[in-house]
Amino acid sequence: MRTLAQIFSLLLIVTVVRAECPTPQTYYSWTGGPNVVLYEFPSAGPPPTCWNNESITALGIDSDIHAAFQQWTYANQQQNTTGIVFNFTQQAPFRVYALSVTDPVSCPHSAADTMIGLYGGTSTVAVASTTFYLGSINSLGFANFDPTADNYHSFIQKLMDHEIGHTMGIFDQPGTDGVPCLGQTAGESYMNAACGTNDSANNMPVTPMLGIPDCDNVSVH
Amino acid sequence: MKGRISIYLRSIPLAWLLALGVAVPTIASFAQTTSNLADPKLKANASIAQHDRPGPPITQLLVEAHAKAQSRGVSWKGLDFVVTDTPAASPAPIETVLLQVYQKQACQADAIIVGHPIASAYHLSSSGTSVYGDYIVAIDTLLKDNQASSIRLRSDIIVTRPGGSLSLPEGNVNLELLAFPRLQVNVTYFQYLRYIQQSGAYQAIDDLSTLVADGNRWAITRKGFSNVVIPGFTRPSLEASISKSLTSCK
């Protein structure tokens, strides 16, 4: 009887650990700073080692990125209580870069990442920079992007949604083994992994959508 | 003579013997260390692609943030950076994919070791946009030797890795990457490594190349993958299977 109870407790713990909704949280976010967060598309800076700096506007992905910021602004006004508004300008604390990878072996393997700078010893985000690594091949061995496919622009928007989410206090959905797409519930959260080139499995919520999924709204702070 | 030694040993207090017992291995472990974190050649690690990031130098970000800190009522202590990313998943079961990934890594690696870090030093990357660490890693088991520069007779190597902490004139900076968690001193890691000829150091092939001892299993250090159980990635089964993996490299 006691053993059965222990097994039941274990199953309960496993279920809780693997729960995906609400989305896991981080300790930091923009909250604590101004309610309006400015973002920009500056040049990527010093000469790179294994990539070329690209212009987001010239690449034609600027509208996808703006759309993601608008989604979050809508969600923050209508769907959650953070009230954070994202506005496009210059000299902004939230920078967005696009790079084309010239050496997929040595260069970063992520589709995109975000470097979030917190005021030391606080949970308040001071600066952030998101980078798209176009032409990158991920560690699982397949191309992150296919710019010729119909879902390319949708994927750029999803990635930006995911990366903004990291600055809004939410974390990657946990992965489990034995099942496709890390066992995550497809479409449930922007913090899901990108499954297949251009997230071909639509593991992340399909764009365009109004705001962000409930599981993410519950956790942002 | 034998009797004289016996008398001599009996005259030494037990505490001294215990102290000697502790001291000898400590001295021995220092004596075996061949890597030097102050080696000027290691400066080449500042320029490798894995340590580069786009954007303004960290010192500029510190200055910008410091200027705004006061207006936000923040007591200035520097910046703590966290680098997050969008993980990749596969439509195929992850274990199947990872087994192929690690077979490939075994072939691509210049060296494969099981080892534990014993010391580290952090630096700014050459672009000034990132922080990285050089670690002296003691080799517990060498599973694949570097054909270009053998490490068979070495007790340790330098492994360089993104992330670290620095105290700069503009403020303190900490950099943590979810894809490359910092190596912890005296924790045992399984590493697929690439040789950096300019510095003589090694780097992880990618974010999946470092596994940490977790009980009797090897867990991927990269955040988001640490719970994924890979068949055969147990201790010491993985170590034993590497030679078989290497025979199937083309």
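Everything quoted here is computed from the prediction, not taken from an experiment.

### Focus: the overall build of chain B
When its secondary structure is counted, chain B shows 5 helices and 11 strands. Here the analysis covers contacts within chain B between residues at least 6 apart in sequence; of these, 66% occur between residues at least 24 apart.

### Quick look at the overall build of chain A
From N to C terminus, chain A includes 5 helices and 7 strands. Going residue by residue from the N terminus, the α and β elements of chain A occur as α-β-β-α-α-β-β-β-β-α-β-α. Burial status across chain A gives 47% buried among its 221 residues. Within chain A, contacts between residues separated by at least 24 positions form 73% of all contacts whose residues are at least 6 apart in sequence.

### Some details on the packing of helix H3 (residues 62–78) of chain A against helix H4 (residues 152–167) of chain A
Residue and element names in this part refer to chain A. Between H3 and H4, the least distance of the axes is 8 Å, while the angle of their chain directions is 45°. In terms of axis orientation, H3 runs oblique to H4. In this structure, H3 crosses over H4, and the sense of that crossing is right-handed. Two secondary-structure elements touch here, H3 through Asp64, Ile65, Ala67, Ala68, Phe69, Gln71 and Trp72 and H4 through His153, Ile156, Gln157, Met160, Asp161 and Ile164. Of the residues contributing to the contact of H3 with H4, the split by class is 8 nonpolar, 3 polar and 2 charged.

### Brief notes about the interface of chain A and chain B
On the chain B side, the residues contacting the 57 residues of chain A number 47 residues. Listed by contribution, the elements that provide at least two residues to the side of chain A that touches chain B are strand S4 (94–101), strand S5 (112–119), strand S6 (125–134), H4 and strand S7 (194–195) of chain A. In terms of residue count, the dominant contributor to the side of chain A that touches chain B is S5(A) (8 residues). For the side of chain A that touches chain B, the residue count by class is 26 nonpolar, 25 polar and 6 charged. Here S7(A) pairs with strand S2 (residues 88–89) of chain B via 2 bridges, running parallel. Bridging from a neighbouring strand, A:Ala194 pairs with B:Ala88 of S2(B).

### A word on the pairing of S5(A)
Most of S5(A) is tucked away, with 8 of its 8 residues classed as buried. Neither face of S5(A) is exposed, since A:Ala112, A:Thr114, A:Ile116 and A:Leu118 on one face and A:Asp113, A:Met115, A:Gly117 and A:Tyr119 on the opposite face are all buried. Bridge analysis of S5(A) against S6(A) gives 7 bridges, and the strand direction is antiparallel. In the sheet register, A:Gly117 faces S6(A), and the bridge partner there is A:Val127. Taking the residues that link successive antiparallel strands as the turn, the S5(A)-S6(A) hairpin has 5 residues, and the phi of A:Gly121 there is positive, at about 80°. Bridge analysis of S5(A) against strand S1 (residues 79–85) of chain B gives 7 bridges, and the strand direction is antiparallel.

### Notes on the confidence of the model for chain B
Residues and elements named next belong to chain B. Looking at chain B as a whole, the pLDDT averages 88, with 87% of positions reaching at least 70. Considering only residues more than four positions removed or in separate chains, one finds that residues 1–31, a stretch of pLDDT under 50, has 1 contact. Two numbers describe this predicted complex: its pTM, 0.87, and its ipTM, 0.88.

### Thoughts on the nonpolar core
Counting residues in hydrophobic clusters, the biggest one holds 115 residues, and the most contacted among them are A:Leu99, B:Leu79 and B:Leu193. Beyond its immediate chain neighbours, meaning those up to four positions away, B:Leu79 contacts A:Gly117, A:Leu118, A:Tyr119, A:Gly120, A:Ala126, B:Leu61, B:Leu62, B:Ala65, B:Gly171 and B:Val173.

### Quick look at the environment of A:Ile56
Residues and elements named next belong to chain A. Looking at the secondary structure, you find Ile56 in helix H2 (residues 56–59). Between the C-alpha atoms of Ile56 and Ala98, which are 42 residues apart in sequence, the distance is 6.0 Å. Other than its neighbours up to four places away in sequence, Ile56 contacts Phe41, Ile61, Asp62, Ile65, Val96 and Ala98.

### Here we look at helix H3 (residues 58–69) of chain B
Between its terminal C-alpha atoms H3(B) stretches 16 Å, which fits the 16 Å expected from 12 residues at 1.5 Å a residue. All buried positions along H3(B) are accounted for by B:Ile58, B:Leu61, B:Leu62, B:Ala65 and B:Ala69. Each buried residue of H3(B) lies within a common arc of 100° when the element is viewed along its axis, so the set occupies one face. At its buried positions, H3(B) is contacted by S5 and S6 of chain A together with S1, strand S3 (111–124), strand S6 (164–168) and strand S7 (171–177) of chain B.

### Some details on the environment of A:Glu163
Examined against the element boundaries, A:Glu163 turns out to sit in helix H4. Separated by 27 residues in sequence, A:Glu163 and A:Tyr190 place their C-alpha atoms 8.8 Å apart. With residues near it in sequence (within four places) discarded, A:Glu163 still touches A:Ala112, A:Thr114, A:Thr130 and B:Thr86.

Rules behind the numbers
- Residues numbered from 1 in each chain as written.
- Chains lettered and ligands numbered in written order.
- Predicted model: local features only at pLDDT ≥ 70, side-chain atom pairs only at ≥ 80, totals over all residues.
- Helix = DSSP H or I, 4+ residues; strand = E, 2+ residues; numbered from the N terminus.
- Contact = placed C-beta atoms within 7 Å.
- Buried ≥ 20, exposed ≤ 12 C-beta atoms within 10 Å, placed from the backbone.
- Axes fitted to C-alpha atoms, helices over the stretch in contact; angles between N-to-C directions.
- Parallel < 35°, antiparallel > 145°, perpendicular 65-115°, else oblique.
- Left-handed = near helix turned anticlockwise from the far one by under 90°.
- Nonpolar A, V, L, I, M, F, W, Y, C, P; charged D, E, K, R; others polar.
- Pairing = 2+ DSSP bridges.
- pLDDT = per-residue confidence, 0-100.
- Core = buried A, V, L, I, M, F, W, Y, C linked by C-beta atoms within 7 Å.
- Expected span 1.5 Å × (residues − 1).
- Arc of directions from axis to C-beta.

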